[in-house]
Amino acid sequence: MRNRSVSFWLFVTPTLLALALVVFVPFIYGFVFSFTDWNGLSANEFIGLANYVELFQDKEFLNSIWFTIKFAVASIVLVNVIGLGLALLVTQRMRSSNILRTVFFMPNLIGGLILGFIWQFIFVSAFDAVGSALGIEALQGWLSTTETGFWGLVILNVWQYAGYIMIIYIAYLESVPEELLEAAEIDGANSIQRFWNVKFPLVAPAFTISLFLTLSNAFKLYDQNLALTNGGPFNSTQMVAMEIYNTAFSESDMAYAQAKAVIFFILVAAVALTQVYYNKKREVDL
Amino acid sequence: MKKKRRNKLIIEIVGILIALLWLSPFYLMLVNAFKTKSEIFSDVLGLPETWTFENFSQAFIDLNFVNSFMNSLFITVASVAIIILFSSMAGYALARNKSKLSAVIFMVFVAAMLIPFQSVMIPLISLFGQVDMLNPTGLIFMYLGFGTSLSIFLYHGAMAGIPVSLDEAATIDGANKWQIFWKIVFPMLKPISVTVMILNVIWIWNDYLLPSLVLGGENATIPLRMFFFFGQYTKQWHLALAGLTIAIIPVIIVYFIAQKHIIKGVTDGAVK
């Protein structure tokens with residue numbers, strides 16, 4: 001018995017140690033220091049909730065949260081609608097199904113930073129060229145305003161993640177039994193009815209997964225934000241992750257940035273726990 | 001029947017058109033990487049008049065590509081190997097040990113997935129800086145800490161499919177836990193190891209934020225060098241796009257070789 005528990009600890013300790021030193025210790029350390037005037041090296045004074053009081057009056061921080069929420073909502077809707085559309089498309093038995101799947105998924109393998117730079121070129125140069133060739137003013141001056149910066153980020157995100165979400169929908173669509181669809185067809189259901197009444201209920205679990213994946217991706221987005229707009233113009237397209245980064249490393253206000261990071265954690269954890277709750281509830285319903 | 005076939009054809013054509021639209025950013029990147037600066041100015045959408053390779057050779061040198069590629073490769077391979085090694089061990093021990101303590105430890109790993117990177121980023125860099133660990137070794141250790149939770153979760157789930165009777169039979173034959181794991185269980189975990197590998201490779205190879213805080217100069221990975229390179233060449237799109245193309249090529253090659261495994265791995269990682 002003793003021998004067995006020795007081997008148990010032998011197997012578990014390396015990862016437990018890494019998790020503790022990389023995640024939990026910094027998490028607790030940061031939480032404590034968010035109540036001080038810590039500058040990254042030393043804290044001189046315990047200042048209570050002052051950082052938290054300040055951040056709720058910090059226009060830039062509140063703007064970044066609002067911008068992130070708007071971005072998340074637009075992304076969730078578009079990524080899921082388009083992802084499901086692509087999944088329905090490539091699960092039609094076609095000669096090109098596999099190639100299409102490969103193409104739609106491809107952006108996910110490339111880093112957000114590189115994708116952001118590519119799209120910066122597209123929005124700034126290619127959009128401009130098309131706009132002036134066809135006389136469409138709306139295509140000119142992209143990324144130079146808050147609105148075009150916002151939609152630029154959304155388009156990039158949709159282009160990148162729709163293929164990823166597609167993969168999840170495909171997994172569920174392919175598990176829909178063929179006999180069920182055939183039976184529905186024999187009973188006279190047309191393709192729209194077959195989708196809404198047969199496929200849709202069976203694919204429902206994929207919605208929960210995809211919804212929350214898109215949501216947490218949208219909240220944590222940083223690389224794409226940095227490469228595409230870098231928060232500009234005038235920090236108006238800055239998302240929460242970038243705002244925290246800039247407070248810490250550009251303004252060197254470590255304790256204050258950490259207080260923002262704690263709030264950020266609460267937001268992200270709340271989203272994730274809601275997902276767990278819904279999954280549990282769904283399992284019970286089944 | 002005829003109508004059905006025609007519908008199929010229309011769907012297929014629509015699909016191909018959407019795929020071309022999806023690829024258009026890559027097309028624009030590629031063709032403009034072959035143009036001169038003035039040609040990009042006059043014609044963004046068309047093919048280049050003359051295909052110049054000079055952009056690529058200059059970008060290759062300025063990106064210090066051989067060096068940054070080797071750095072990325074080293075960090076990724078070392079981190080993923082360590083993640084697989086230790087996470088599979090922990091997943092095995094936690095799944096086989098039915099004690100309360102074991103369940104609590106597993107919950108701790110799962111709970112850690114709730115903590116976003118940005119919430120620990122600042123203290124992490126400060127603490128590792130104080131013990132002089134802002135270097136490749138420290139980075140690999142950080143990747144173990146951040147990557148292990150999901151990996152253990154996947155291994156733990158996969159253990160359900162490996163019967164305990166195998167362990168018992170091996171114990172009777174005189175094998176100890178270490179031997180049982182490496183000789184019997186680990187080979188059977190191979191499918192989930194492939195999934196764990198793929199998910200972690202995609203993440204670590206492309207990660208920018210963490211290495212940007214930890215590594216500097218000579219140790220810079222591809223995304224990191226790309227960031228400096230891009231800053232240096234804003235408004236010089238011919239060079240910037242050539243650099244981006246070079247950075248993407250290795251990923252595309254690997255994708256076309258291993259796409260079946262990659263897509264399956266990503267699916268398993270998301271759905272499980």
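Thresholds, definitions, all that
Residues numbered from 1 in each chain as written. Chains lettered and ligands numbered in written order. Predicted model: local features only at pLDDT ≥ 70, side-chain atom pairs only at ≥ 80, totals over all residues. UniProt positions renumbered as here; feature names shortened; annotations may be inferred. Helix = DSSP H or I, 4+ residues; strand = E, 2+ residues; numbered from the N terminus. Rg over C-alpha atoms; globule rule 2.2 N^0.38 Å. Contact = placed C-beta atoms within 7 Å. Axes fitted to C-alpha atoms, helices over the stretch in contact; angles between N-to-C directions. Parallel < 35°, antiparallel > 145°, perpendicular 65-115°, else oblique. Left-handed = near helix turned anticlockwise from the far one by under 90°.

- The name given to chain B in an unreviewed UniProt entry is Carbohydrate ABC transporter permease, with the source organism recorded as Oceanobacillus piezotolerans.
- Of the comments in the UniProt record for chain B, the one headed Sequence similarities (unreviewed entry) reads "Belongs to the binding-protein-dependent transport system permease family."
- A UniProt comment under Subcellular location (unreviewed entry) is attached to chain B, and it reads "Cell membrane".

- Under an unreviewed UniProt entry, the name given to chain A is Sugar ABC transporter permease, and the source organism is Oceanobacillus piezotolerans.
- Under the heading Subcellular location (unreviewed entry), UniProt records this for chain A: "Cell membrane".
- Quoted verbatim from the Sequence similarities (unreviewed entry) heading of the UniProt record, the comment on chain A is "Belongs to the binding-protein-dependent transport system permease family."

### Description of the overall build of chain A
Consideration 1: Across its full length, chain A carries eleven helices and zero strands.
Consideration 2: Element order for chain A, N to C, with α for helix and β for strand: α-α-α-α-α-α-α-α-α-α-α.
Consideration 3: Its C-alpha atoms give chain A a radius of gyration of 24 Å, more than 25% over the compact-globule value 19 Å for 286 residues.
Consideration 4: Considered along the principal axes of its C-alpha atoms, chain A spans approximately 75 × 75 × 30 Å.
Consideration 5: Expressed as a percentage of contacts within chain A between residues at least 6 apart in sequence, the contacts between residues at least 24 apart total 71%.

### Looking at the UniProt feature "domain: ABC transmembrane type-1" (unreviewed entry) in chain A
Consideration 1: Under the UniProt annotation, "domain: ABC transmembrane type-1" (unreviewed entry) lies at residues 65-275 of chain A.
Consideration 2: Taken end to end, residues 65-275 of chain A has its terminal C-alpha atoms 20 Å apart, with 77% of it in helix and 0% in strand.

### So, the UniProt feature "domain: ABC transmembrane type-1" (unreviewed entry) in chain B
Consideration 1: Look at the UniProt record and you will see "domain: ABC transmembrane type-1" (unreviewed entry) annotated at residues 69-258 of chain B.
Consideration 2: Between the end C-alpha atoms of residues 69-258 of chain B there is a gap of 20 Å, over a span that is 82% helix and 0% strand.

### Some remarks on the packing of helix α5 (residues 100-112) of chain B against helix α7 (residues 136-159) of chain B
Helix-helix packing is characterised by the crossing angle of the two axes and by the distance between the axes.
All names here are of chain B.
Consideration 1: Relative to each other, α5 and α7 sit at 130 degrees, their axes nearing to 8 Å. Regarding the angle of α5 to α7, the classification is oblique. As α5 runs across α7, the sense of the crossing is left-handed. Residues Phe106, Phe109, Val110 and Ala112 of α5 touch α7, and the partners they reach there are Ser149, Ile152, Phe153 and His156.

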